[in-house]
Each structure stands twice: as structure tokens, then as C-alpha cells.
Amino acid sequence: LKVVDLSNSELTPDHCENIFRHVSQGSKLKEFQMSDIDLSEVDPELMASVISKLHLVELRDADMNSQQCKIIFEKLSSDCNLKQLDMAYNYLDEV
């Protein structure tokens, strides 16, 4: 599996955390989309680790807080395979 689109699905925060945890454990995933899902409770270090290994990530309107966004950007500045990132409509005001 190389592309996963879970956008607009009715996932709970626990579901989202488990998905990120699974993807972090050696997945061959290249593209990951989780737009319009509440990711506000997902561990930002886990998210950053997963995002940095992928090529395309779409997390539009995912209710991510500024701390999550900051940690993701910090990780991407040092170690990254990412080619395209869409984080529109998240809380980036304090990043």
C-alpha cells in the first residue's frame, strides 16, 4: 500500500494515534491524507516522525494546534523525505 486517504472519515483521536503509530513502524506508504479529521490529540513527535518519511501529506483542517505544527516544522527542517505538505486551515498563528 503506497497511498492512503482517510479524509472526512469518522475517526476518533485514539484511532488517529493508532494509525500514525502503525505507519511509523516500517510502512511503505508514500502519500497520506487525513484532512477534516480532529488530530489535536495526536502526539506531535509521532506525527512529525511519520510525516518526515512520506512524500506527500495532506492534513487540511485537521484541528492541529500550534505546538503540533511547530514540532512538525522543526522535524522537517532537519530530516525529511517530504515533497509536498498541505496543512491549510490549522492553527499556525503561533508557529
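Everything numeric in this text was worked out from a predicted model, so none of it was measured. (Residues numbered from 1 in each chain as written. Predicted model: local features only at pLDDT ≥ 70, side-chain atom pairs only at ≥ 80, totals over all residues. Heavy atoms only, no water.)

Chemist: Help me understand helix 2 (residues 44–53), please; the structure alone is not making it clear to me.
Modeler: A turn of α-helix holds 3.6 residues, and therefore any two residues three or four places apart point the same way. Most of helix 2 is tucked away, with seven of its ten residues classed as buried. Looking at helix 2, one finds that the buried residues are P44, L46, M47, A48, V50, I51 and S52. Residues of helix 2 that are buried make contact with helix 1 (13–24), strand 3 (56–58), helix 3 (66–78) and strand 4 (84–86). (Buried < 20%, exposed > 50% of the residue type's maximum accessible area, 1.4 Å probe, protein only. Helix = DSSP H or I, 4+ residues; strand = E, 2+ residues; numbered from the N terminus. Contact = heavy atoms within 4.5 Å.)

Chemist: Which parts of the structure should I look at to understand the packing of aromatic side chains?
Modeler: Two aromatic rings are characterised by how far apart their centres lie and by the angle between their planes. For the coordinates displayed, the defined rule picks out one aromatic pair. Between the aromatic rings of F20 and F32, the centroid separation amounts to 5.3 Å while the plane-to-plane angle is 90°, which identifies the pairing as edge-to-face. In this pair, F20 is assigned in helix 1 and F32 in strand 2 (residues 31–33), connecting sequence segments twelve residues apart. Assigned by exposure class, F20 and F32 land together as buried. (Phe/Tyr/Trp six-rings, centres within 6.5 Å; stacked < 30°, edge-to-face > 60°.)

Chemist: What's the story with unusual backbone geometry in this structure? I'm lost.
Modeler: Glycine aside, residues mostly have negative phi, and peptide bonds are mostly found in the trans state. Here the phi dihedral of N8 falls at roughly 60°; this positive angle occurs in a residue that is not glycine. Turning to its location among the elements, N8 is positioned in the loop between strand 1 (3–5) and helix 1. Of note, the phi angle at D63 is positive, near 55°, even though the residue is not glycine. Looking at the element boundaries, D63 is found in the loop between strand 3 and helix 3.

Functional significance is not addressed by these values, which are geometric in nature.
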